[in-house]
Amino acid sequence: PLVPLARPVGGLARRGMARIRIPAHVAQFTLLCGVPALGMLLWARTAPSEDVKRQELEKAFPDQVRRARAKNKQINEFIQRSLSEDDAEQQAQFKEVLGSGKKKMKRHYALDESILEAAGGDDKGSGGGGSKPPKA
């Protein structure tokens, strides 16, 4: 079905000029995509800048902002020290921080025979949870 864009004005219909017709799917697509796009453009032009947002947050939540900045400063100093110095204790602490939450890696499928032989046992009771894959 076609949607008429406008009614014929005055004598246009009488003079044989056809009125503009827009297919329904084109009108629907234009409304569904065009209106939100215009809204986003308008919002982008009137949205507050990053500096204004930062000032509002500092005014509304001064304690949280101060604590977050102090933590960021400590983290940056820790990382810079860890990367620049050859302190073994610092490197161990850095590895602990980077690997926190990591569990011991478990292999469920392809068991490495050299590890089993080095441990001096077979795969029975190893806690791997799987069985050896068939040898090809």
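Refer to the preceding data block for the structure.
Residues numbered from 1 in each chain as written. Predicted model: local features only at pLDDT ≥ 70, side-chain atom pairs only at ≥ 80, totals over all residues. Heavy atoms only, no water.

### Re the overall build of the protein
Step number 1: In terms of regular secondary structure, the protein is built from five helices and two strands.
Step number 2: Each of the 136 residues in the protein was classed as buried or not, and the buried ones make up 6%.
Step number 3: A separation of at least 24 residues holds for 2% of the contacts in the protein among residues at least 6 apart in sequence.
Step number 4: Accessible surface computed for the protein: about 12600 Å², of which carbon and sulfur atoms make up 59%. (Helix = DSSP H or I, 4+ residues; strand = E, 2+ residues; numbered from the N terminus. Buried < 20%, exposed > 50% of the residue type's maximum accessible area, 1.4 Å probe, protein only. Contact = heavy atoms within 4.5 Å. Areas by Shrake-Rupley, 256 points an atom, 1.4 Å probe, with all protein chains shown as cover.)

### With respect to helix α3 (residues 62–84)
Since the α-helix turns once every 3.6 residues, residues separated by three or four places project in the same direction.
Step number 1: Look at α3: 33 Å from first C-alpha to last across 23 residues, which is about the 33 Å you get at 1.5 Å a residue.
Step number 2: Packing partners of the buried residues in α3 comprise α2 (50–60) and α4 (88–98). (Expected span 1.5 Å × (residues − 1).)

### Details of the pattern of salt bridges
Step number 1: Summed over all chains, the structure comprises four salt bridges.
Step number 2: Among the salt bridges present, the one from D63 reaches R66, with a minimum N-O distance of 3.2 Å. Residue D63 and its partner R66 are both found in helix α3; the two are separated by three residues, about one turn of the helix.
Step number 3: Judged by relative accessible area, R66 falls into the exposed class, the value being 53%. (Salt bridge = Lys/Arg side-chain N within 4 Å of Asp/Glu carboxyl O.)

### Regarding the packing of α3 against α4
Step number 1: Running from N to C, α3 and α4 point in directions that differ by 125°, and their axes come no closer than 9 Å. One finds that α3 runs oblique with respect to α4. The chirality of how α3 crosses α4 is left-handed. Residues F78, I79, R81 and S82 of α3 lie in contact with α4, whose contacting residues are Q90, Q91, Q93, F94 and V97.
Step number 2: When its residues are assigned to classes, the contact of α3 with α4 shows four nonpolar, four polar and one charged. (Axes fitted to C-alpha atoms, helices over the stretch in contact; angles between N-to-C directions. Parallel < 35°, antiparallel > 145°, perpendicular 65-115°, else oblique. Left-handed = near helix turned anticlockwise from the far one by under 90°. Nonpolar A, V, L, I, M, F, W, Y, C, P; charged D, E, K, R; others polar.)

### Brief notes about a nonpolar patch on the surface
Step number 1: The grouping of I75, I79 and L83 at the surface amounts to a nonpolar patch, some 270 Å² of accessible area in total.
Step number 2: With respect to the element layout, I75 can be found in helix α3.
Step number 3: Since its relative accessible area comes to 46%, I75 is described here as partly exposed. (Patch = residues over 30% accessible without salt bridge, like charges linked within 9 Å, V, L, I, M, F, W, Y side chains within 5 Å.)

### Things to note about the packing of α2 against α3
Step number 1: Contact geometry of α2 with α3 gives a least axis separation of 5 Å together with a crossing angle of 110°. The pairing of α2 with α3 is recorded here as roughly perpendicular in orientation. Residues R54, L57, E58, K59 and A60 of α2 form the contact with α3, whose participating residues are P62, V65 and R69.
Step number 2: Classifying every residue of the contact of α2 with α3 gives four nonpolar, no polar and four charged.

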